[in-house]
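# Chain and residue survey
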Amino acid sequence: MFHRIAFFMFLHITLFHTISEQSPIIGETVEVEKDEFRKDFSFVASIGDLSILGVHKKRESHHCGGVLITKRHVLTASHCLRHQEIHKILVTLGSTVLNCGLSYEVKSWVNYTNWAKENRINVTDLDAYDDIAIITLSSDVNHIKPAVISKLNESQVIEQQLVTVGWGRIDDINETRPMKLRKLYLNVLNSTKCVKIHRQIYKSSNLTHINSYCTYSVPLAYIYYGDSGTPLLLDSTKEVVGISTHIVIRRRLVKLLSVTSVYIKVQEYEHFINDVVSQ
């Protein structure tokens, strides 16, 4: 299935390409969570578009992930909220089965770029890398322990076993999503290699630093459409080190050589997070 889907989606792609609004977790090393209410992933959020089907009928359609970081705040990717309306978004938490947890309405959200401008902080030309936002829920989440943001620096993170989870699409033809949370173990490239990849994509020779982790899996597996905003976690403690934002595909003609999943480094945005959640 992996090779069929990869060929269908990426036939037109040149040597390097980036998909900014991601996809599910696909590949041989993906695991499916069988425990519906497993506590170590209960803080993982499904962000959905709310569709009105009738007078008393509503349906929530998953389009991104997120992670609960306080009783009232969910961290996600900024592009997940682009062109969205607050009253049409629901955040569901507490279950590894899609749409089986408790759903919460949204009070507000703010992305890093807007926050930085309001606080007169210079935003560089690399705004695309600041793909992080915080959702404020309309009510407290009292039955779930929020995730903890890791204090480890990059060199320490690289040495750790990392894991990501999500409900992203697993079939492009039928746009099928898994009902059960899927889990993937990942390794981190060092920053030099990560910068090199981004230089080749964005054609920027001046790029020396990015606020991202570039991750990979052997055998090949990666995040996909619907996995944006999901957390990158330390496997040992389930502390948050990143938020998924896009994937980078490297290929030669029709042969897929590698896929790098890219995550925003959460610790780089500590001031943003602390300021928003304290309000």
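Structural data are supplied above this passage.
Throughout this document, residue positions are counted from 1 along each chain, in the order its sequence is written. In keeping with the predicted nature of the model, local features appear solely for residues at pLDDT of at least 70, side-chain atom pairs appear and are counted solely at 80 or more, and the whole-chain, interface and lining totals rest on all residues. Side-chain calculation: all heavy atoms of the structure are included, whereas hydrogens and water are not.

This part covers the overall build of the chain. For the chain, the helix and strand inventory stands at five helices and 16 strands. Partly exposed describes any residue whose relative accessible area lies between the buried limit of under 20% and the exposed limit of over 50%, with all areas from a 1.4 Å probe on protein chains only and scaled to the type maximum. Relative to its full complement of 279 residues, the chain shows a buried share of 52%. Per-residue and other accessible areas were derived by the Shrake-Rupley procedure at a 1.4 Å probe size, with only the shown protein chains allowed to occlude residues. Carbon together with sulfur atoms contributes 50% to the accessible area of the chain, which is approximately 13600 Å² in total. Working definition: helices are DSSP H or I runs of at least four residues, strands are E runs of at least two. Numbering for both runs from the N terminus.

Put simply, a disulfide is two cysteine sulfurs that come within 2.5 Å. Taken as a whole, this structure holds two disulfides when the rule is applied. Put simply, C194 and C214 are joined by a disulfide, and their sulfur atoms are 2.0 Å apart. Between C194 and C214, the S-S dihedral sits near 65 degrees, and the bridge is therefore right-handed. Highlighted residues: C194 in helix 4 (residues 191-202) and C214 in strand 12 (residues 212-216), separated in sequence by 20 residues. Its relative accessible area of 2% is what places C194 among the buried residues. Taking only the cysteines that form disulfides and numbering them from first to last, the chain has the pattern 1-2, 3-4.

Turning next to helix 5 (residues 270-277). Each turn of an α-helix holds 3.6 residues, which means side chains three or four residues apart point in the same direction. Where helix 5 is concerned, the buried positions are F272, I273 and V276. In a view along the axis of helix 5, the buried residues occupy a sector of 95 degrees, so they form one face of it. Those residues of helix 5 that are buried are in contact with strand 6 (73-76), strand 8 (102-111), helix 2 (112-118) and strand 9 (133-137). Note that the arc is defined by the directions from the helix axis to the C-beta atoms. Two residues qualify as a contact provided that any one of their heavy atoms is within 4.5 Å of a heavy atom in the partner residue.

Moving on, we come to the nonpolar core. Among the nonpolar cores identified, the biggest contains 45 residues, and L75, V91, L93, L137 and F272 are the most heavily contacted of them. Take this core: its biggest share by element is four residues, from strand 9. Counting 10 residues, the second largest nonpolar core, distinct from the first, contains L184, L186, V188 and L234. Here, nonpolar core means buried Ala, Val, Leu, Ile, Met, Phe, Trp, Tyr and Cys residues that are tied together by side-chain atoms lying within 4.5 Å of each other.

So, on to the side chain of S95. Within the secondary structure, S95 sits in the loop between strand 7 (89-93) and strand 8. Each polar contact in these results corresponds to two N or O atoms within 3.5 Å; when the atoms are within protein, one needs to be able to donate a hydrogen and the other to accept it, and residues that are neighboring in sequence are counted only if both atoms are side-chain atoms. A distance of 3.0 Å separates the side chain of S95 from the backbone nitrogen of V97, its partner in a polar contact.

With that settled, consider the pairing of strand 10 (residues 162-166). Most of strand 10 sits out of view: five of its five residues are buried. Of the two faces of strand 10, the one lined by L162, T164 and G166 and the one lined by V163 and V165 are each fully buried. Strand pairing requires that DSSP identify at least two bridges connecting the strands. For strand 10 and strand 11 (residues 182-188), the ladder comprises five bridges, and the chain directions are antiparallel. Looking at strand 11, one finds that V165 is bridged to K183. Where strand 10 lies against strand 14 (residues 231-234), three bridges are found, and the strand directions are antiparallel. In the strand pairing of strand 14, L162 is matched with L234.

Further remarks concern the environment of N99. Here N99 is to be found in the loop between strand 7 and strand 8. Look at N99 and you get partly exposed, because its relative accessible area is 40%.

Remark: the centre distance and the inter-plane angle together describe each pair of aromatic rings, the angle taken between the planes. Pairing of aromatic side chains requires ring centres within 6.5 Å, counting the rings of Phe and Tyr and the six-membered ring of Trp. Pairs whose planes differ by under 30 degrees are stacked, by over 60 edge-to-face, and all others tilted. What the rule picks out here adds up to four aromatic pairs. With a centroid separation of 5.0 Å and an interplanar angle of 80 degrees, the aromatic rings of Y112 and Y269 are classed as edge-to-face. Of this pair, Y112 sits in helix 2 while Y269 is found in the loop between strand 16 (255-265) and helix 5, placing the two residues 157 residues apart along the sequence. This pair shows no difference in class: Y112 is buried, exactly as Y269 is. Put simply, the rings of Y112, W115, Y269 and F272 pair up and form one aromatic cluster. Only when the NZ atom of a Lys or the CZ atom of an Arg is both within 6 Å of the ring centre and within 35 degrees of the ring normal do we say a charge sits over the ring. Against the face of Y213 rests K265, its NZ or CZ located 5.3 Å from the ring centre.

The subject of this paragraph is the pattern of salt bridges. Just to be clear on terms, a salt bridge is a Lys or Arg side-chain nitrogen sitting within 4 Å of an Asp or Glu carboxyl oxygen. Enumeration over the complete set of coordinates arrives at five salt bridges. Across the pair K88 and E85 runs a salt bridge, and its minimum N-O distance is 3.4 Å. For K88, a relative accessible area of 38% corresponds to the partly exposed category.

In this model, R120 sits at a positive phi of 55 degrees, which is unusual for a non-glycine residue. Relative to the assigned elements, R120 resides in the loop between helix 2 and strand 9. By relative accessible area, R120 is classed as exposed at 81%. Of note in this structure, K238 is not a glycine but carries a positive phi near 60 degrees. On the secondary structure map, K238 appears in the loop between strand 14 and strand 15 (240-252). Judged by its relative accessible area of 13%, K238 is buried.

Read these as spatial facts, not as claims about activity.
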